[in-house]
Amino acid sequence: MSVQEYLEKHLLPRKIEEAVNAAVRAKAADPVLFISTHMRRAAPAVITQVRARQILDSRGTPAVEVDLHTNKAVHRASAAAASAPEGAAVDATRDAEKRRLLAKAVADAVRVINGKVSEALVGMDPQQQAQIDQAIMDLDKAHHKTDVGANAMLAVSIAACKAGAAEKEVLLYKHIADLVGKSATTLPVPAITVINGGTHAGNSLPIQEIMILPVGAKNFEEAMQMGSETYHHLKDIIWEKYGADSCNIGDDGGFAPNISSITEGLDLVIAAIDRAGYNGRIKLAIDVSATDFCVGKKYDLEFKSAKKSGQNFKTGDDMIEMYSQLCSEYPLVSIEQPFDKDDWEHSKKFTTLELCQVVGDDLLMSDPERIKRAVNEYTCDALTLKANQVGTVTEAIEVVKQAKDAHWSVMVSHRSGDTDDSFIADLAVGAAAGQIKAGAPCRGECLTKYNQLLRIEEELGTEGVYAGENWRTAAS
């Protein structure tokens with residue numbers, strides 16, 4: 001084929017002429033750059049390949065990373081595994097077996113992505129998120145996404161979402177906002193982990209996390225400054241009271257002093273807030289993760305202790321009384337997973353008291369059917385959104401819409417044992433969630449989310465609105 005024949009076959013003379021004319025009209029300072037960009041835009045993006053690999057998450061356990069190739073670029077995403085072994089409370093033999101099974105599951109997911117998932121997506125337009133996600137879902141009909149794996153599906157879906165944003169030449173959070181059908185101007189209040197316990201730390205504290213919410217900040221940047229300063233003052237207080245060894249951190253980056261009392265932990269955080277000078281501007285939240293210590297129909301607050309006093313084996317009603325007292329004595333505005341995942345009765349009882357935000361995690365599992373039941377029975381009033389529980393970006397967006405329709409709050413959450421992918425930061429802004437939970441201000445996989453939110457706030461400029469005191473209603 002001659003050069004002339006090649007040019008005519010691909011209609012290049014006409015396309016080049018259009019590009020040159022556009023450059024002239026725009027009075028382009030660099031016509032070569034302008035023309036090349038114009039030509040690039042003239043060719044629609046299509047997916048050409050999806051490649052997956054096994055990487056390690058923040059716990060050193062296997063996770064899935066995906067490179068989604070288009071005819072223009074490569075877009076990378078990763079997702080934490082949904083069922084990594086947790087903490088010192090896990091028996092060593094079971095821990096090793098879980099890791100072996102997880103490694104096998106990730107290896108299987110990599111093979112599936114490199115095979116039938118890639119084949120299904122080749123040729124698709126990355127801007128068509130819903131169609132891409134449906135194609136992925138069609139390959140895994142299992143209720144809990146066990147064929148491909150929800151985390152593997154999510155990694156592919158996120159990579160496609162990034163590719164779609166790139167093709168539209170908009171930032172990721174704006175692309176997500178388009179998918180949601182809302183404007184993206186709300187920066188979420190961070191629920192910053194400062195103390196770890198439960199299965200995420202080797203101390204005796206039964207609850208999983210104590211968090212701070214800088215609702216009194218004027219913007220997200222100040223919120224992170226307030227959170228970071230309080231975190232470091234807390235370290236000093238723990239050092240002074242318990243010694244250097246107690247400044248070790250848990251899975252989410254929170255300090256893990258050897259305490260067993262919830263009130264002792266809250267008192268430490270209150271002292272840190274006071275020392276930082278933020279009294280009244282920072283509220284408290286806890287993630288109880290009560291499913292981890294539910295035995296039958298009771299709750300063992302000494303489940304990590306070798307020697308049990310027997311005084312902390314509580315009924316559901318006892319737990320309600322304990323939470324009520326905590327809400328009256330501390331600026332505690334949010335309690336996540338206060339009861340077992342199947343204890344609908346006591347979750348409803350406590351929620352109806354309306355003492356604080358009651359966040360459903362294990363209770364809901366980001367499952368539309370469980371959310372529907374919780375809405376109808378009023379067993380909580382906020383959603384913890386963990387995207388890899390649902391599997392795809394489209395499904396995550398639908399779950400957010402479901403929660404907002406019920407006038408619930410939405411807390412976009414990382415996974416403990418996360419990767420350094422910052423997608424949930426863009427998701428929190430794009431979906432106008434109002435709250436984000438990404439761990440402490442110290443670990444890389446946590447800071448990548450917070451730092452991305454700082455960039456987003458800078459890009460939004462005066463259009464950006466920090467949820468602040470409206471942290472519960474921002475999602476509505």
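Located above this text is the structure these notes cover.
### Some words on the side chain of Thr-199
Residue placement: Thr-199 occurs in the loop between β5 (189–196) and β6 (209–213). Classification of Thr-199 by relative accessible area gives buried; the value is 9%. At a separation of 3.5 Å, a polar atom in the side chain of Thr-199 contacts the side chain of Asp-292.

### Some points on empty space enclosed by the protein
Within the structure shown, the criterion is met by two cavities of 30 Å³ or more. In terms of lining residues, the largest cavity is bounded by 17 residues, among which Ala-79, Ala-80, Leu-154, Asp-418 and Ile-424 are the most central. Elements with a minimum of two residues in the lining of the largest cavity: β3 (74–79), α6 (150–168), α13 (387–390) and α15 (423–430). Classifying every residue of the lining of the largest cavity gives seven nonpolar, five polar and five charged. Looking at the second largest cavity, its volume works out to about 30 Å³. Together, Gln-337, Pro-338, Phe-339, Asp-340, Ser-347, Val-358, Val-359, Gly-360, Leu-363 and Cys-380 line the second largest cavity. A per-element tally of the lining of the second largest cavity places strand β12 (residues 357–360) first, with three residues. Residue composition of the lining of the second largest cavity, grouped by class: six nonpolar, three polar and one charged.

### Some points on unusual backbone geometry
Unusually for a residue other than glycine, Glu-354 sits at a positive phi of about 55 degrees. For Glu-354, the location among the structural elements is in the loop between α11 (344–351) and β12. The class for Glu-354 is exposed, based on a relative accessible area of 58%.

### Some details on the pattern of salt bridges
Summed over all chains, the structure comprises 25 salt bridges. For Lys-437, the salt bridge is made with Glu-336, and the minimal N-O distance between the two is 2.9 Å. With a gap of 101 residues between them, Lys-437 in strand β15 (residues 434–439) and Glu-336 in strand β11 (residues 332–336) connect regions that are remote in the sequence. Each of the two residues, Lys-437 as well as Glu-336, counts as buried. Put simply, Arg-53, Glu-65, Asp-67 and Arg-76 are held in one network by salt bridges that share partners.

### Focus on helix α10 (residues 316–329)
An α-helical turn contains 3.6 residues, so any two residues separated by three or four positions project in the same direction. An ideal rise of 1.5 Å per residue puts 20 Å on 14 residues; α10 measures up with 20 Å between its terminal C-alpha atoms. Every buried residue of α10 is listed here: Gly-316, Met-319, Ile-320, Met-322, Tyr-323, Leu-326 and Cys-327. Down the axis of α10, the smallest arc covering the buried residues is 165 degrees, so these residues share one side. Structural note: α10 exposes Glu-321 and Ser-328 on the side pointing more than 90 degrees away from its buried face. Of the surrounding secondary structure, the elements contacted by the buried residues of α10 are α9 (262–276), β9 (298–300), β10 (313–314), β11 and α11.

About the cut-offs
- Chains are numbered independently. Their residues run from 1 in the order of the written sequence.
- Given that this is a predicted model, residues contribute local features only at a pLDDT of at least 70 and side-chain atom pairs are listed and counted only at 80 or more, while totals for whole chains, interfaces and linings are drawn from all residues.
- Side-chain figures throughout are based on the complete set of non-hydrogen atoms in the structure, without hydrogens or water.
- Put simply, DSSP H or I for four residues or longer makes a helix, DSSP E for two residues or longer makes a strand, and each gets a number counted from the N terminus.
- Burial here depends on accessible area, computed with a 1.4 Å probe over protein chains only, as a share of the maximum for the residue type. Under 20% is buried, over 50% is exposed, and the range in between is partly exposed.
- Two N or O atoms count as a polar contact when they lie within 3.5 Å, although within protein this holds only if one can serve as hydrogen donor and the other as acceptor, and sequence-adjacent residues are included solely when both atoms are side-chain atoms.
- Put simply, the grid is 1 Å and covers the protein atoms alone, a cavity is a trapped set of points that fit a 1.4 Å probe, a pocket is an open set with protein on both sides within 12 Å along at least five of seven lines, and lining residues have an atom within 4 Å of a point.
- Grid points are joined across faces, edges and corners, and a volume is the space filled by probe spheres set on the points.
- Gly is placed with the polar residues, together with every amino acid not listed as nonpolar (Ala, Val, Leu, Ile, Met, Phe, Trp, Tyr, Cys and Pro) or charged (Asp, Glu, Lys and Arg).
- Salt bridge criterion: a side-chain nitrogen from Lys or Arg within 4 Å of a carboxyl oxygen from Asp or Glu.
- Here, expected helix span is obtained from the residue count minus one, scaled by 1.5 Å.
- Working definition: the arc comes from the directions between the helix axis and the C-beta atoms, pointing outward to the latter.
- In this analysis, two residues are considered to be in contact whenever any of their non-hydrogen atoms come within 4.5 Å of each other.

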